[in-house]
Amino acid sequence: MNEDRIPEDLLESLGAHGHSRSYRAGAILINEGDPGDAIYIVLSGRLQTYLSSEDGRDVVLADHDPGEYVGELALDGSPRSASVRAVSPSTCLIVRGAELRAFLVDHPEFGFHLSQKLTRMVRRLTKQVANLALKDVYGRVVYLFMETSEAIGSERIIREKLTQQNIAERIGSSREMVSRVLKDLTAGGYVSLRDGCYVIHRRLPSAR
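What you see is a predicted model; the values in this text were computed from it and never measured.

(A) Local environment of helix 2 (residues 97-106). Those residues of helix 2 that fall on the buried side of the exposure criterion are Gly97, Leu100 and Phe103. When helix 2 is viewed along its axis, its buried side chains cluster within an angular range of 120 degrees and face the same direction. Exposed and facing more than 90 degrees away from the buried side of helix 2 are Ala98, Val105 and Asp106. Buried residues along helix 2 sit in contact with helix 1 (8-14), strand 3 (39-44), strand 8 (90-95) and helix 3 (108-134).

Okay, here's the thing in structure tokens:
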């Protein structure tokens with residue numbers, strides 16, 4: 001169960017307070033630093049929150065599937081703290097801050113959902129910062145693989161088709177470093193690619 005998804009009854013009620021808009025894959029919905037106080041609720045497709053460095057490298061903070069929402073941190077009037085793009089063709093319900101605040105008066109349960117989501121986000125980002133500070137690239141790849149895979153029989157499978165660039169952006173590394181780690185894991189018989197998805201065949205070593 002995805003706890004970040006808005007309950008269906010709340011989503012249905014929110015529909016009257018916003019408008020829907022569709023985006024092509026790769027479209028930028030939010031730019032870091034821009035003003036704005038609207039939230040974007042994913043109705044279909046997938047969004048991705050990320051930060052960009054001055055040299056053009058991206059670090060992915062989170063992916064957002066249908067029922068999830070982004071943009072809530074700007075409700076206090078501050079500039080956007082991260083950028084958001086559509087990973088695939090997506091449709092969102094856009095609810096402006098004034099409309100959302102009015103909605104919260106009549107639906108305080110959404111305020112509780114929002115506070116719980118923010119708590120989980122802080123915990124997740126704290127873990128990401130710890131991984132960046134305390135783990136090497138190998139350790140970050142192992143953590144990502146274990147977090148995003150599911151056990152099927154004696155194997156673990158990552159359902160999402162991740163490229164080496166995708167992995168690099170999620171762990172804050174270069175594609176070249178990720179390539180070296182994956183080469184070692186593949187040569188050791190720990191992982192392989194099957195139909196474009198990574199498969200973990202046995203427990204990954206905690207360190208190289």
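(B) Representation of the nonpolar core in the model. Counting residues in hydrophobic clusters, the biggest one holds 20 residues, and the most contacted among them are Val141, Phe145, Ile167, Leu185 and Leu204. Mapped onto this core, the elements with two or more residues apiece are helix 4 (137-148), helix 5 (164-171), helix 6 (175-187) and strand 12 (197-200). When neighbours within four sequence positions are excluded, Val141 is seen to be in contact with Ile167, Ile171, Val181, Leu182 and Leu185.

(C) Spotlight on the sheet that holds strand 8. Pairing is antiparallel across the open sheet formed by four strands, whose spatial order is 1-8-3-6. Among the strands making up the open sheet, the edge pair consists of strand 1 (19-23) and strand 6 (69-70). As defined by bridge partners, strand 3 adjoins strand 8 across five bridges and the pair is classed as antiparallel. Looking across to strand 8, one finds that Val42 is bridged to Cys92.

(D) Structural view of the domain arrangement of the protein chain. Domain annotation for the protein chain reports domain 1 (8-133) and domain 2 (137-200). Distance between the C-alpha centres of domain 1 and domain 2: 27 Å. When domain 1 packs against domain 2, close to 820 Å² is buried across both sides, 46% of that on carbon and sulfur atoms. Of all residues in domain 1, Val60, Asn131 and Leu132 give up the largest surface area on contact with domain 2, accounting jointly for 43% of the area buried on that side. Along the contact surface separating domain 1 from domain 2 lie three salt bridges. The salt bridge partner of Arg85 is Glu169, with a shortest N-O separation of 3.5 Å. Between domain 1 and domain 2 we count three residue pairs in polar contact (both at pLDDT 80 or more) in total. Mapped by element, the contributors of at least two residues to the side of domain 1 that touches domain 2 are strand 5 (58-64) and helix 3.

(E) Broad picture of the UniProt feature "domain: Cyclic nucleotide-binding" (unreviewed entry) in the protein chain. UniProt's feature table lists "domain: Cyclic nucleotide-binding" (unreviewed entry) at residues 21-104, given in the numbering used throughout. Regarding residues 21-104, the helix share stands at 10% and the strand share at 44%, and the terminal C-alpha atoms are separated by 22 Å.

(F) Structural view of the packing of helix 2 against helix 3. Look at helix 2 against helix 3: their axes get within 5 Å of each other, and the N-to-C directions meet at 115 degrees. By the angle between their axes, helix 2 is roughly perpendicular relative to helix 3. Facing helix 2, whose interface residues are Leu100, Phe103, Leu104, Val105 and Asp106, helix 3 presents Pro108, Phe110 and Gly111.

Thresholds applied
Residues numbered from 1 in each chain as written. Predicted model: local features only at pLDDT ≥ 70, side-chain atom pairs only at ≥ 80, totals over all residues. Heavy atoms only, no water. Buried < 20%, exposed > 50% of the residue type's maximum accessible area, 1.4 Å probe, protein only. Helix = DSSP H or I, 4+ residues; strand = E, 2+ residues; numbered from the N terminus. Arc of directions from axis to C-beta. Contact = heavy atoms within 4.5 Å. Core = buried A, V, L, I, M, F, W, Y, C linked by side-chain atoms within 4.5 Å. Pairing = 2+ DSSP bridges. Domains from an automatic or database assignment. Buried area = accessible area lost by both parts, 1.4 Å probe. Salt bridge = Lys/Arg side-chain N within 4 Å of Asp/Glu carboxyl O. Polar contact = N/O pair within 3.5 Å; in protein donor to acceptor, adjacent residues only side chain to side chain. UniProt positions renumbered as here; feature names shortened; annotations may be inferred. Axes fitted to C-alpha atoms, helices over the stretch in contact; angles between N-to-C directions. Parallel < 35°, antiparallel > 145°, perpendicular 65-115°, else oblique.

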